[in-house]
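# Per-entry structural report
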Amino acid sequence: MSNVTRLADRRSITVEDALASISAAAIAEWLSAYQNRDWDGMRIVRQRAARLDAQHPGYPSLVDQLDGLRTQPAA
């Protein structure tokens, strides 16, 4: 099988799908760090999220999503 055939068989991924996958992984990593009280780990994930947000303006903010995880819902 040639490289061209293998490339043609691959499923295309949209930017939205890729960002959603990255966001889900970052949220899982942040939650794990939060549960283990790993403040440095949380800071590192948040810094990476801020860089990702800066690279993709117009898409939902991952930093906002992470910040929302710490906000207690109204009773």
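A brief report on the enclosed structure follows. (Residues numbered from 1 in each chain as written. Predicted model: local features only at pLDDT ≥ 70, side-chain atom pairs only at ≥ 80, totals over all residues. Heavy atoms only, no water.)

## Observations regarding the packing of aromatic side chains
We describe a pair of aromatic rings using the distance from one ring centre to the other and the angle between the two ring planes. Across all of its chains, the model carries 1 aromatic pair by this definition. Their ring planes at 10 degrees and their centres at 5.3 Å tell us that Trp30 and Tyr34 sit as a pair that is stacked. Placement of both Trp30 and Tyr34 in helix H2 (residues 15–35) is noted, with a separation of 4 residues, approximately one turn of the helix. Judged by its relative accessible area of 3%, Trp30 falls in the buried class. Its relative accessible area of 37% is what places Tyr34 among the partly exposed residues. (Phe/Tyr/Trp six-rings, centres within 6.5 Å; stacked < 30°, edge-to-face > 60°. Helix = DSSP H or I, 4+ residues; strand = E, 2+ residues; numbered from the N terminus. Buried < 20%, exposed > 50% of the residue type's maximum accessible area, 1.4 Å probe, protein only.)

## Details of the pattern of salt bridges
The tally for this structure, following the rule as stated, stands at 3 salt bridges. Residues Glu29 and Arg48 are paired through a salt bridge, measuring 2.6 Å at the closest nitrogen-oxygen approach. Of this pair, Glu29 sits in helix H2 while Arg48 sits in helix H3 (residues 39–55), placing them 19 residues apart in sequence. In this structure Glu29 comes out as partly exposed when scored by relative accessible area, which is 37%. (Salt bridge = Lys/Arg side-chain N within 4 Å of Asp/Glu carboxyl O.)

## Some details on the nonpolar core
By size, the foremost hydrophobic cluster in this structure holds 12 residues: Leu19, Ala26, Ile27, Trp30, Ala33, Met42, Val45, Ala49, Leu52, Leu62, Val63 and Leu66. Elements represented by at least two residues in this core include exactly H2, H3 and helix H4 (62–70). By residue number, the principal contributor to this core is H2, which donates 5 residues. (Core = buried A, V, L, I, M, F, W, Y, C linked by side-chain atoms within 4.5 Å.)

## Some points on the packing of H2 against H3
Helix-helix packing is described using two parameters, namely the angle between the two axes and the distance between the axes. Relative orientation of the contacting elements H2 and H3 amounts to 160 degrees, with a least axis distance of 8 Å. Looking at the two axes, H2 sits roughly antiparallel to H3. Note that H2 runs across H3; the crossing there is left-handed. On the side of H2, the interface is formed by Leu19, Ile22, Ala26, Glu29, Trp30, Ala33 and Tyr34, while H3 contributes Trp39, Gly41, Met42, Val45, Arg48 and Leu52. Within the contact of H2 with H3, the residues separate by chemical class into 10 nonpolar, 1 polar and 2 charged. (Axes fitted to C-alpha atoms, helices over the stretch in contact; angles between N-to-C directions. Parallel < 35°, antiparallel > 145°, perpendicular 65-115°, else oblique. Left-handed = near helix turned anticlockwise from the far one by under 90°. Contact = heavy atoms within 4.5 Å. Nonpolar A, V, L, I, M, F, W, Y, C, P; charged D, E, K, R; others polar.)

## A few points about the packing of H3 against H4
Relative to each other, H3 and H4 sit at 145 degrees, their axes nearing to 7 Å. Side by side, H3 and H4 meet where Met42, Val45, Arg46, Ala49, Ala50, Leu52 and Asp53 of the first sit next to Leu62, Val63, Leu66, Asp67 and Arg70 of the second. Class assignment for the residues of the contact of H3 with H4 results in 8 nonpolar, no polar and 4 charged.

Note that every value here comes from positions in space, so none of it alone points to a role or purpose.
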